[in-house]
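Report on the structure
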Amino acid sequence: MVIDQPFSAAGAQTPPPRSAVTEGRATRVALTVIALLFLAVFLVLPLVIVFLQAFANGVGAYFAALTEPDAVAAIQLTLLVAAIAVPLNLAFGVAAAWAVAKFEFKGKAFLTTLIDLPFSVSPVISGLVYVLLFGSQSLLGPWLAAHGVQILFAVPGIVLATIFVTFPFVARELIPLMEEQGTADEEAALSLGASGWQTFLRVTLPNVKWGLLYGVLLCNARAMGEFGAVSVVSGHIRGLTNTMPLQVEILYNEYNFAGAFAVASLLALLALVTLIIKTILEFRYGDALSGSTGH
Amino acid sequence: MIRKSGCRFSEKIMLKQRDRAMDLSIRNVRKEFDRFAALDDVSLDIRSGELIALLGPSGSGKTTLLRLIAGLDHPTGGQIFFGGEDASVKTVQERNIGFVFQSYALFRHMNVLDNIGFGLSVRRGADRMAKAEIARRATELLDLVQLSGLERRYPHQLSGGQRQRVALARAMAIEPSVLLLDEPFGALDAKVRRDLRSWLREIHDATGHTTVFVTHDQDEALELADRVVVMNEGRIEQIGTADDVYDTPNSPFVFGFIGESSSLPIHVEAGQLWFEDRPLGLPAGDAPDGKALLYFRPQEVKLLDGCGGCIAGTVAAGRRVAGTRRLELEVGGHRERVEIEVPASHPAAARSRIAFRPEKWRLFGTPGEAAPSEKVRRISGWPAAVQAGEGSSAARR
Ligand SMILES: Nc1ncnc2c1ncn2[C@@H]1O[C@H](COP(=O)(O)OP(=O)(O)O)[C@@H](O)[C@H]1O
Ligand SMILES: [Mg+2]
């Protein structure tokens, strides 16, 4: 008796299950190697070179370059600017995200587009806008000068430019997260007798805390690292209006490579720390962050 | 999994909540989204301590009505009264409503005990409660919903049925004047649904809340509720007990939505009902002459041998349903299809002829196709239910 038996029970005859990924082994290895090479050349190598250059003249020279008065002033200014810009953008980002995600109102789409504006505008243009607004040729310029208010080529201008460039980070992180979570939790809190403010503090905010932290982290990294917009409004006054990125450029232009790279190494370190914390956050709170978009 | 015991609820909880129960009156309420009327002239009186089911297909406006009662949305017309007081002047918080959301909406960053105690912990001023007291009350409620031992769990560590019960406990913690539940068992599997159903009835009987729950499951509504409110396309079709809506449905929609139904276009002439050129052997009563729709339930038919006044048809299909057999018959020249139920032992073969007569039936004034019931009733100018036959004697009279 002949039985047509396509599904043989004999294990030895069944071929090993084929992976759903149909590319051959060679293709996969090649693609992986290309990706890794690319990362090495364009990301890891520059980072390594920054640190190599920074320590080129020895550890002593490295710390001397960092404790030099202009460098110290630049570091202090950078910290000051971030300390002002980040909390302001934290408040703005939370408020904007709350409004966009939880309420229906006219002009919502317009607000969302506005929030994205700094991403689509070149930072140099952002800086120039402030020059046009507050410069001596502008409408406000003479009035400001008459009242002795210095905005351009001073700390206020740098802070303003930094706020402008970094204001999407927190809002963009929170909006998708809040939209995904909907308003049911808030409605539940209200129906249980909580006031609007209690609802915000005890329900809305805790629901997005990891996304918020993530947004603040990115915002801070950008606030400290911003070059273009700040460069236009700062005036490059040594020891007064130079932030770290500007200080790096000046030192570099003066062929003081060790000094330039020493300060640059701090910025690189900031980037690395940000990256590490970001990875930890993503790893531990991946679900809560899943609504967020990468930058 | 759910322990059944009627008298384990704390006396204190029971008494407190009985005092708070409240009449609810919804008068000519309308709710429009843009131009679309999600609710259209809805009126409903709910007595203190009643358990009411809002039953209707998806999109019929059940959730919208619940949200209006809770104050989460506001009506575009009409009024809602809480024990005689106009609710429109009250905020969500002031209404003191226990709302159980379809998605539960448990606070994911709080453990079970904190979730239940939330409503008490946000109280300020004179109502402010001590932490220990809140914890004690929350524990008591956790016991009421039979989840003792899960105090420290987070919502994501609970099963669907457990989340449901935490949500209920959280809503009851504020001693609400009205308890609203939106499809409370919607997301649960059949077995858990049935368990929770009788459990909810027990809790309701023990605590005496005025309760309104939404469902699209007729079994749930009929079994659980004191009164069922049948909704369709933003309107209330019928309000009544399970017996009322099942035995005397007042519109083709209710007849078709609750229980099984078959319908047949007929006409009334000379005090008789006629299907095409045959009399059905059913009296027309006071129904006016003209076209009408005959509604009956497949299981409420009597098989006949001869046919001097009957509906006769050819068996088009048959299927076994539990203890009985369902036959689909083609009747008349247009091959209208109706379904009837026969004993499982019935020797009905395909294409064989069968004659029957409905034992209980209702007549609705409408010609032909299934137009929206409301419109049809108005056009034809007939009362909602023109004539009903009840039992074989009525049909033979
Ligand atoms: N916020 C809203 N905006 C616009 N339309 C809505 C809104 N809420 C409900 N609807 C509409 O109102 C109708 C009734 O909805 P709903 O009350 O949720 O129905 P049910 O709960 O009975 O399924 C639906 O057609 C729905 O699309
Ligand atoms: Mg609904």
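Now for a look at the structure at hand. (Residues numbered from 1 in each chain as written. Chains lettered and ligands numbered in written order. Predicted model: local features only at pLDDT ≥ 70, side-chain atom pairs only at ≥ 80, totals over all residues. Heavy atoms only, no water.)

**What about the overall build of chain B?**
Helices and strands together make up the secondary structure of chain B, namely twelve helices and 21 strands. The buried share among the 397 residues of chain B stands at 52%. Within chain B, residue pairs in contact and separated by at least 24 positions form 68% of the contacts whose partners lie at least 6 positions apart. A total accessible area of about 17500 Å² is found for chain B, and carbon and sulfur atoms account for 48% of it. (Helix = DSSP H or I, 4+ residues; strand = E, 2+ residues; numbered from the N terminus. Buried < 20%, exposed > 50% of the residue type's maximum accessible area, 1.4 Å probe, protein only. Contact = heavy atoms within 4.5 Å. Areas by Shrake-Rupley, 256 points an atom, 1.4 Å probe, with all protein chains shown as cover.)

**Examining the overall build of chain A**
Looking only at helices and strands, chain A features 15 helices and zero strands. Residue burial in chain A is summarised as follows: out of 295 residues, 39% are buried. In chain A, of all internal contacts separated by at least 6 residues, the share reaching a separation of at least 24 is 74%. In the form shown here, chain A has an accessible surface area of approximately 16500 Å², with 72% of it arising from carbon and sulfur atoms.

**Some remarks on a nonpolar patch on the surface**
Taken together, A:Leu36, A:Phe38, A:Leu39, A:Val41, A:Phe42, A:Leu43, A:Val44, A:Val48 and A:Leu52 make up a surface patch of nonpolar side chains, about 890 Å² in accessible area. Following the sequence through the fold, A:Leu36 ends up in helix α1 (residues 25–54). (Patch = residues over 30% accessible without salt bridge, like charges linked within 9 Å, V, L, I, M, F, W, Y side chains within 5 Å. Salt bridge = Lys/Arg side-chain N within 4 Å of Asp/Glu carboxyl O.)

**Some points on the layout of surface pockets**
All names here are of chain A. Computed from the structure, the second largest pocket encloses a volume of approximately 610 Å³. Looking at the second largest pocket, it is lined by 22 residues, and the ones nearest its centre are Ala-221, Ala-271, Leu-272, Thr-274 and Leu-275. Elements with a minimum of two residues in the lining of the second largest pocket: α1, α11 (209–225) and α14 (257–284). The element contributing the most residues to the lining of the second largest pocket is α14, with eight residues. Partitioning the lining of the second largest pocket into residue classes produces 15 nonpolar, four polar and three charged. (1 Å grid on protein atoms, 1.4 Å probe; cavity = no way out; pocket = protein on both sides within 12 Å on 5 of 7 lines; lining within 4 Å. Points joined across faces, edges and corners; volume = space filled by probe spheres on them. Nonpolar A, V, L, I, M, F, W, Y, C, P; charged D, E, K, R; others polar.)

**Observations regarding the packing of helix α4 (residues 112–121) of chain B against helix α6 (residues 160–173) of chain B**
Residues and elements named next belong to chain B. α6 packs onto α4 with a crossing angle of 25 degrees between their chain directions and a minimal axis gap of 7 Å. Classified by the angle between their axes, α4 and α6 sit roughly parallel to one another. In this structure, α4 crosses over α6, and the sense of that crossing is right-handed. Residues Val-112, Asn-115, Ile-116 and Leu-120 of α4 lie in contact with α6, whose contacting residues are Val-166, Ala-169, Arg-170 and Ala-173. Among the residues forming the contact of α4 with α6, the class breakdown is six nonpolar, one polar and one charged. (Axes fitted to C-alpha atoms, helices over the stretch in contact; angles between N-to-C directions. Parallel < 35°, antiparallel > 145°, perpendicular 65-115°, else oblique. Left-handed = near helix turned anticlockwise from the far one by under 90°.)

**Section: the interface of chain A and chain B**
Residue-level contacts link 18 residues of chain A with 22 residues of chain B. Across the interface of chain A and chain B, roughly 1800 Å² is buried in total on both sides, 57% from carbon and sulfur atoms. Contact with chain B buries area across many residues of chain A, yet A:Ser191, A:Leu192 and A:Arg202 alone supply 37% of it, more than any other trio. Counting the contacts that link chain A with chain B gives two salt bridges. Salt-bridge contacts for A:Glu187 lead to B:Arg67; the nearest nitrogen and oxygen are separated by 2.6 Å. Linking chain A with chain B are eight residue pairs in polar contact (both at pLDDT 80 or more), by the criterion used here. (Buried area = accessible area lost by both parts, 1.4 Å probe. Polar contact = N/O pair within 3.5 Å; in protein donor to acceptor, adjacent residues only side chain to side chain.)

**A short note on the packing of helix α7 (residues 155–166) of chain A against α11(A)**
Residues and elements named next belong to chain A. The contact between α7 and α11 brings their axes to 9 Å, and the two run at 140 degrees. As far as their axial angle goes, α11 and α7 are oblique. When the axes of α7 and α11 are compared, the crossing they make is right-handed. Contact residues: Thr-162, Val-165 and Thr-166 in α7; Cys-219, Arg-222 and Ala-223 in α11.

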